[in-house]
Amino acid sequence: MKLQIKKNEKEISQIMRALSHPARVKILMMLVKNISMRFSVSDIHKRLGLSQPETSRHLSVLRHSDVVFCEKSGTTAHYILNDQNPIVKCISMCFNEKS
């Protein structure tokens, strides 16, 4: 039981760090509001007004924190919310309550 709690603490802490930047929160909110859609880096950077390198960097942080999945289609990477992660699912439910 104690090991499971430690694992959850680490996972929660990692996700919270990933969401500590306003741009990453904006990306998360965009993905939550469009849960069934996949977005390329270009789609996200155009919608949110971020530079393409900045968008890629933020998506990398979210991907490494298990907040988003990356699906490759040819040379294009598409991102989708990882709603299989219970912590991400909980956060996305909170965002949906606010909408």
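Residues numbered from 1 in each chain as written. Predicted model: local features only at pLDDT ≥ 70, side-chain atom pairs only at ≥ 80, totals over all residues. Heavy atoms only, no water.

Between its terminal C-alpha atoms helix α4 (residues 52-64) stretches 18 Å, which fits the 18 Å expected from 13 residues at 1.5 Å a residue. The opening residue of α4, the one whose side-chain oxygen lies 3.2 Å from the backbone nitrogen of Glu 54, is Ser 51. Two residues or fewer past α4, Asp 66 is found with a positive phi of approximately 70 degrees. (Helix = DSSP H or I, 4+ residues; strand = E, 2+ residues; numbered from the N terminus. Expected span 1.5 Å × (residues − 1). Polar contact = N/O pair within 3.5 Å; in protein donor to acceptor, adjacent residues only side chain to side chain.)

Strand order in the open sheet made by the three strands is β1-β3-β2, with antiparallel pairing throughout. If you trace the sheet from one side to the other, it starts and ends with β1 (39-40) and β2 (68-73), each paired once. In terms of strand pairing, β1 meets strand β3 (residues 76-81) through two bridges, oriented antiparallel. Counterpart to Phe 39 in the pairing with β3 is Tyr 79. Docked against the sheet, α4 engages β2 and β3, running at close to 115 degrees with respect to β2. (Pairing = 2+ DSSP bridges. Contact = heavy atoms within 4.5 Å. Axes fitted to C-alpha atoms, helices over the stretch in contact; angles between N-to-C directions.)

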